[in-house]
Amino acid sequence: MSHLILTTNDRAEDALRQSRLANVVLGFSSRFVWRKLPSQEQLSMGLKRRSDRHCNPGDHWLDHARCGSLDGFGTRDIGFFELCAKFDSIEIWVDPKANDQLVLVWLLDLLRPYKEVTTKLSLVHTDDQVANYAPESIAKWKLPAFKVTDNHFAMASRAWQAYQAETPQSCFDLLMTDLTILPRLRPALIALLEELPDSVTGLGATEMDILDFVNDGHTNPRHVTEARWIRDVLDENDAGDALLELGAHPAPVVLLGDSAFDNEDRYFGRSEWKVTLTEFGRSILAREDDMWRHNRIYRWWGGTELSNERLWRWDRESRSLVAP
């Protein structure tokens, strides 16, 4: 019996491969938070057999797969569905973080029409990030594998369509429904909604955490954006981008050091610099001002384009959406 494990992030892939729980373990490195979503055409093309259309790093779903990871089942040029057809059973291991839940609903929505794959598909939900554990420990886990049913596919499709919508309202409406069939989806949606601009400050939850951490005296930018300090929505790269953006506005909330240096050079350690709060940043942290009264916003939240003229916000007190 041949067995394939798909993971919702590439760090889990490494740990599970070493645990030897499957013939092949492959992870998806897709990020669906903080930046504009890839188009359906881009996502579809990325899963096809490699061709001259996959001309940039990351264009093909196996660009980051390790050499030898597919031994006996194909090469790193193979298409996703072609590979799935080679296995008798397939499990999707799903970490609890928000982006992992988005990868899950995207995958299930994608796989829904392919009965030759879905009939051998199961889900394994983890309570923590798989990558936090040693492979020999993971090999001893006895996590249940849930056979994927039509109800799983229906809920996943609804969630993925809601996240791609032009407003966050559909995602908020999902919170009023029974989501237990995908047990980590509800907290993931709430965490995502909290990253919308706050109804008072205009900043998302992770951005406010960054300001709070800097205010506590932490000035090393790499330390400020380490995964252990930030919420379970942005990863370290996302948080690094957020920090750089907070210092790049005409009215910045943080100072990033000598402007003679490129921000990315400083962030990635090619020059020494410290991050500090501006007076404006202190007023934002105290919830006394609004970021977007002084700056222009242009950002994506799922399929929602946020701008000063069309700014959806999150009221953290009532935990509700505030429409433009």
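Here, the structure is the one placed above.
As the structure is a computational prediction, the values presented were derived from the model and not from experiment.

1. A closer look at the packing of helix α4 (residues 98–111) against helix α7 (residues 150–164)
A pair of packed helices is characterised by two quantities: the angle between their axes and the separation of those axes.
Now for step 1: Where α4 meets α7, the closest approach of the two axes is 8 Å, and the angle between their N-to-C directions is 115°. Considering how the two elements wind past one another, α4 and α7 form a crossing that is left-handed. Of α7, the residues touching α4 (which contributes L102, V105, W106, L108, D109 and L111) are H152, F153, A156, S157, A159, W160, Q161 and Y163.
Now for step 2: By residue class, the composition of the contact of α4 with α7 is 10 nonpolar, three polar and one charged.

2. Quick notes on helix α9 (residues 185–193)
Now for step 1: Within the sequence span of α9, burial applies to L185, A188, L189, I190, L192 and L193.
Now for step 2: Looking at the buried positions of α9, the neighbouring elements they touch are α4, α7, α8 (169–174), β8 (298–301), β10 (313–315) and β11 (320–322).

3. Some words on the layout of surface pockets
Taking a probe equal in size to a water molecule and rolling it over the atoms shows the remaining empty space.
Now for step 1: Approximately 690 Å³ is the volume attributed to the largest pocket.
Now for step 2: In terms of lining, the largest pocket is formed by 29 residues, of which the most central are S30, G46, G58, D59 and H60.
Now for step 3: Of all elements in the fold, only α1 (10–19), β2 (24–27) and α2 (40–46) reach the threshold of two or more residues within the lining of the largest pocket.
Now for step 4: Considering every element that reaches the lining of the largest pocket, the biggest residue donor is α2, with five residues.

4. Observations regarding empty space enclosed by the protein
Now for step 1: All chains considered together, the criterion is met by one cavity of 30 Å³ or more.
Now for step 2: For the largest cavity, the calculated volume is near 100 Å³.
Now for step 3: Per-element accounting of the lining of the largest cavity gives the leading share, three residues, to β8.
Now for step 4: A breakdown of the residues in the lining of the largest cavity according to their chemical character gives eight nonpolar, one polar and two charged.

5. Things to note about the pattern of salt bridges
Now for step 1: Taken as a whole and judged by the stated rule, the model has 23 salt bridges.
Now for step 2: For R231, the salt bridge goes to D209, with nearest N and O atoms at 2.7 Å. With a gap of 22 residues between them, R231 in the loop between α11 (221–224) and α12 (236–246) and D209 in helix α10 (residues 205–215) connect regions that are remote in the sequence.
Now for step 3: The residue R296 makes a salt bridge to E309 at a minimum N-O spacing of 2.8 Å. With R296 in the loop between α15 (291–294) and β8 and E309 in the loop between β9 (304–307) and β10, this residue pair connects regions lying 13 residues apart in the sequence.
Now for step 4: The exposure class of R296 is exposed, given its relative accessible area of 55%.
Now for step 5: Each of R31, R35, D235, D238 and D241 takes part in a single network of salt bridges with overlapping partners.

6. Concerning the packing of α4 against α9
Now for step 1: Here α4 crosses α9 at 120°, and the two axes come no closer than 9 Å. Judged by the angle between their axes, α4 and α9 are oblique. Considering only the axes of α4 and α9, their crossing is left-handed. Here α4 contributes A98, Q101, L102 and V105 to the contact with α9, which in turn contributes L185, A188 and L192.
Now for step 2: A per-class count over the contact of α4 with α9 returns six nonpolar, one polar and no charged.

Calculation notes
- Residues numbered from 1 in each chain as written.
- Predicted model: local features only at pLDDT ≥ 70, side-chain atom pairs only at ≥ 80, totals over all residues.
- Heavy atoms only, no water.
- Axes fitted to C-alpha atoms, helices over the stretch in contact; angles between N-to-C directions.
- Helix = DSSP H or I, 4+ residues; strand = E, 2+ residues; numbered from the N terminus.
- Left-handed = near helix turned anticlockwise from the far one by under 90°.
- Contact = heavy atoms within 4.5 Å.
- Nonpolar A, V, L, I, M, F, W, Y, C, P; charged D, E, K, R; others polar.
- Buried < 20%, exposed > 50% of the residue type's maximum accessible area, 1.4 Å probe, protein only.
- 1 Å grid on protein atoms, 1.4 Å probe; cavity = no way out; pocket = protein on both sides within 12 Å on 5 of 7 lines; lining within 4 Å.
- Points joined across faces, edges and corners; volume = space filled by probe spheres on them.
- Salt bridge = Lys/Arg side-chain N within 4 Å of Asp/Glu carboxyl O.
- Parallel < 35°, antiparallel > 145°, perpendicular 65-115°, else oblique.

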